Amino acid sequence: MERDVTRFLKQIVQTITAGLIWLFINMSAGIYGGWMFYNGLPGIGNIIFYGWLIISFGVLLRYIYKTWKDDFTAGHREY
């Protein structure tokens, strides 16, 4: 395969993998740890969990942005 196609497919796999890892970590902590749902008022564990959720989502978006900001045609010359 060409280098550009290989790089493109690698970026797709990295993006999907990062999203799934983020999802599984937060699902495990939130649902299985019991911090996603609360009865009545939210407790300190709920607040910490939702803070972590927002911060980690920002980090995930930054990682995806940096992964996809490369231009595929930068090194390509047409003959």
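Anything mentioned here points back to the structure above.
Residues numbered from 1 in each chain as written. Predicted model: local features only at pLDDT ≥ 70, side-chain atom pairs only at ≥ 80, totals over all residues. Heavy atoms only, no water.

## Focus: helix α1 (residues 3-32)
Two residues of an α-helix separated by three or four positions point the same way, owing to the 3.6 residues in each turn.
Consideration 1: For α1, with 30 residues, the first-to-last C-alpha span of 42 Å sits near the 44 Å given by 1.5 Å per residue.
Consideration 2: Among the residues making up α1, those that are buried are Q11, T15, A18, N26 and G30.
Consideration 3: Residues of α1 that are buried in the fold lie against α2 (44-68).
Consideration 4: The positive-phi residue at the C-terminal boundary of α1 is G34, with phi of around 80°. (Helix = DSSP H or I, 4+ residues; strand = E, 2+ residues; numbered from the N terminus. Expected span 1.5 Å × (residues − 1). Buried < 20%, exposed > 50% of the residue type's maximum accessible area, 1.4 Å probe, protein only. Contact = heavy atoms within 4.5 Å.)

## Overview of the packing of aromatic side chains
Each aromatic ring pair is summarised here by two numbers: the centre-to-centre distance and the angle between the ring planes.
Consideration 1: Using the criterion set out here, one finds 3 aromatic pairs in the structure.
Consideration 2: Note on W22 and F57: the rings are 5.3 Å apart at their centroids and 50° apart in plane angle, and the pair reads as tilted. Separated by 35 residues along the polypeptide, W22 in helix α1 and F57 in helix α2 bring together distant segments of the chain.
Consideration 3: For F57, a relative accessible area of 38% gives the class partly exposed.
Consideration 4: Consider the rings of F49 and Y50, whose centres lie 5.2 Å apart with planes at 70°: the pair is edge-to-face. (Phe/Tyr/Trp six-rings, centres within 6.5 Å; stacked < 30°, edge-to-face > 60°.)

## Notes on the side chain of T15
Consideration 1: Looking at the secondary structure, you find T15 in helix α1.
Consideration 2: By relative accessible area, T15 is classed as buried at 18%.
Consideration 3: When neighbours within four sequence positions are excluded, T15 is seen to be in contact with I64, T67 and W68.

## Describing α2
Consideration 1: Between the first and last C-alpha of α2 there are 36 Å, a value that for 25 residues agrees with the 36 Å anticipated at 1.5 Å per step.
Consideration 2: Looking at α2, one finds that the buried residues are N46, F49, S56, L60 and T67.
Consideration 3: Where α2 is buried, its residues touch α1.

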